[in-house]
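# What the coordinates show
Chain residues, written in single-letter form:
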Amino acid sequence: MNKRPFVTKEQIEEIVKTYPTPFHIYDEKGIRENARRMKQAFAWNPGFREYFAVKATPNPFILKVLQEEGCGVDCSSLTELMMSDVCGFHGSDIMFSSNVTPAEDFRLAKELGAYINLDDFTHIDFLEKVAGLPETVCCRYNPGGNFQIANKIMDNPGDAKYGFTKEQIIEGYKILMAKGVKHFGLHAFLASNTTTNEYYPKLARILFELAVELKEKTGADIRFVNLSGGVGVAYRPEETPNDIMAIGEGVRKAYEEVLVPAGMGDVAIFTELGRFMLAPYGMLITKAVHEKHTYKEYIGVDACAANLMRPAIYGAYHHITVLGKEDAPCDHKYDVTGGLCENNDKFAIDRMLPKIDMGDYLAIHDAGAHGFSMGYNYNGKLRSAELLLKEDGSVEMIRRAETPADYFATFDFSHLFDKYTKTGK
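One structure accompanies this document, and this report is about it. (Residues numbered from 1 in each chain as written. Predicted model: local features only at pLDDT ≥ 70, side-chain atom pairs only at ≥ 80, totals over all residues. Heavy atoms only, no water.)

The next point concerns a nonpolar patch on the surface. Among the surface-exposed residues, Tyr-407, Phe-411, Phe-413 and Leu-416 lie close enough to one another that they form a single nonpolar patch of about 380 Å² accessible area. Judged by its relative accessible area of 34%, Phe-411 falls in the partly exposed class. (Patch = residues over 30% accessible without salt bridge, like charges linked within 9 Å, V, L, I, M, F, W, Y side chains within 5 Å. Areas by Shrake-Rupley, 256 points an atom, 1.4 Å probe, with all protein chains shown as cover. Salt bridge = Lys/Arg side-chain N within 4 Å of Asp/Glu carboxyl O. Buried < 20%, exposed > 50% of the residue type's maximum accessible area, 1.4 Å probe, protein only.)

Set out below in structure tokens:
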């Protein structure tokens, strides 16, 4: 079983004439088709909307593609709100889900008319004080304990820093209503990167039952239930990808069984997916530049954890294709490493791959979400460019690579580096 890249060796050889490696490249066609599948899976709910998690891939060009497909945006910070604003997202296009939230973030969210999703009971008074309460407020629920599917523990919400307890959310709704809030939303995130079609339906049932209880105990007008993120992707080739149509049907069944009998059949369903919407449609392209033969066989590439840090910090698996050798036997065992002065700067450990020659291009899969966005400048490494493979086969640069001038720009004495930055070095 194997993953096939959405670009060929020949395409990359042409692209690198203009944009040297490493770079992230995204597949516009795949992004659009996936967004349409998502919409179709929840078409049974007239109010459905996907609010793309900006944190996953914060690039205006990507946001505009998703905007054209009818998506809103899920923001968690001031700069994400700013980016969404200039991209033309306003009012109900924006869901603001954050935690430990600064006052200025709440103020801008309120100014933009975004749905504000409160993470904590104390944020009720804080939001009222710093920005005023909007007519619609969403609250994030944390049921505590372990979250299980078929006796398998998926995650431990009780250890998570997010959300209200049930008692707090009931009391919170009452307080908000007394303060003049007219409409409500309900939100929860109980497990990350699930590869089971059962996660969303089970989460939905928990939230639907809570919504019914909240209406009974507070009389609140609940307009939407936000299932947030957590629907994952198959990073490993042997894994079975989630079936979004089956997931949508599972949520519909819970909706019909719980909300409809309670007279709540007009509640909208929202989602906040990042990984599912983008991860498979982005790759990090890097070139083999060194080989090392010591206690292990190493291939050194021109990308590093500064470009994709998930393998370094989580031990996460990202599949690797050696372009042009897609069908060659994987009969060589390598550690694929970057150049940071950290031993965890490895994209793969003991990975069976075809023989890699210097100059080969490696495509690191599923880097379209939480890839570029988690980058950093340790060791003075510079973030790479982002490219968009358009539907017509052309390539557009949607973020240029950083330069030394960018790295030095925040120093008050940046002019001392002119000899390195003015000449384009």
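Okay, back to it.
Inspection of every chain in the model, using the stated rule, returns 14 aromatic pairs. With centroids separated by 4.7 Å and ring planes inclined at 10 degrees, the aromatic side chains of Phe-42 and Phe-48 adopt a geometry described as stacked. Taking relative accessible area as the criterion, Phe-48 reaches 14% and is therefore assigned buried. Seen in terms of ring centroids, Tyr-173 and Phe-184 are 4.3 Å apart; in terms of plane orientation they differ by 25 degrees. Their pairing is stacked. Highlighted residues: Tyr-173 in helix 7 (residues 166–178) and Phe-184 in strand 9 (residues 183–187), separated in sequence by 11 residues. The exposure class of Tyr-173 is buried, given its relative accessible area of 0%. Look at Phe-184 and you get buried, because its relative accessible area is 0%. In this structure an aromatic cluster arises from ring pairing among Phe-42, Trp-44, Phe-48, Phe-208 and Tyr-255. Sitting above the plane of the Tyr-51 ring, Arg-49 keeps its charged end 5.7 Å from the centroid. (Phe/Tyr/Trp six-rings, centres within 6.5 Å; stacked < 30°, edge-to-face > 60°. Helix = DSSP H or I, 4+ residues; strand = E, 2+ residues; numbered from the N terminus. Lys NZ or Arg CZ within 6 Å of the ring centre and 35° of its normal.)

Now for helix 6 (residues 123–130). What helix 6 keeps buried is the set His-123, Ile-124, Leu-127 and Val-130. Projected down its long axis, helix 6 shows its buried positions confined to an angular sector of 150 degrees, all on one face. If you follow the buried residues of helix 6, they end up packed against helix 5 (103–112), strand 5 (115–118) and helix 7. (Arc of directions from axis to C-beta. Contact = heavy atoms within 4.5 Å.)

It is a general feature of regular strands that their side chains alternate between the two faces of the sheet. The element strand 13 (residues 297–301) is extensively covered by neighbouring structure, given that 4 of its 5 residues are classed as buried. As paired strands, strand 12 (residues 282–293) and strand 13 are joined by 5 bridges and run antiparallel to one another. Following the sheet pairing, Ala-288 is matched in strand 13 by Val-301. Pairing of strand 13 with strand 15 (residues 332–337), which is carried by 3 bridges, proceeds in the parallel orientation. Paired with Tyr-298 across the two strands is Asp-335, which belongs to strand 15. (Pairing = 2+ DSSP bridges.)

Right, let's get into the pattern of salt bridges. Pairing is possible between side chains of opposite charge, provided their charged atoms come close. Under the criterion given, the structure shown has 30 salt bridges. A salt bridge links Arg-32 to Glu-28; the shortest N-O distance between them is 2.9 Å. Here Arg-32 pairs with Glu-28, and both are found in helix 2 (residues 28–41), just 4 residues apart, close to one helical turn. By relative accessible area, which is 8% here, Arg-32 ends up buried. On the basis of relative accessibility, which here comes to 5%, the residue Glu-28 falls in the buried class. One salt-bridge network, in which partners are shared between bridges, spans Glu-28, Arg-32, Arg-36, Glu-68, Glu-69 and Glu-391.

A few words now on the pairing of strand 10 (residues 222–226). Burial of strand 10 is extensive: 4 of the 5 residues sit out of reach of the surface. Direction of pairing for strand 9 relative to strand 10: parallel, over a ladder of 4 bridges. Across the sheet, Gly-185 pairs through a bridge with Phe-224, a residue of strand 10. Note that the unit made of strand 10, helix 9 (residues 244–258) and strand 11 (residues 268–271) has a crossover that is right-handed. (Right-handed = clockwise from strand over helix to strand, strands pointing away.)

Before going further, it helps to spend a moment on the sheet that holds strand 11. Read once around its circumference, the closed barrel built from 8 strands follows the order 2-3-4-5-6-9-10-11, with strand pairing classed as parallel. Direction aside, neighbouring strands of the sheet carry axes that sit 25 degrees apart on average. Bridge analysis of strand 3 (residues 72–75) against strand 4 (residues 94–97) gives 3 bridges, and the strand direction is parallel. Looking at the pairing, Asp-74 lines up with Met-95 of strand 4. (Axes fitted to C-alpha atoms, helices over the stretch in contact; angles between N-to-C directions.)

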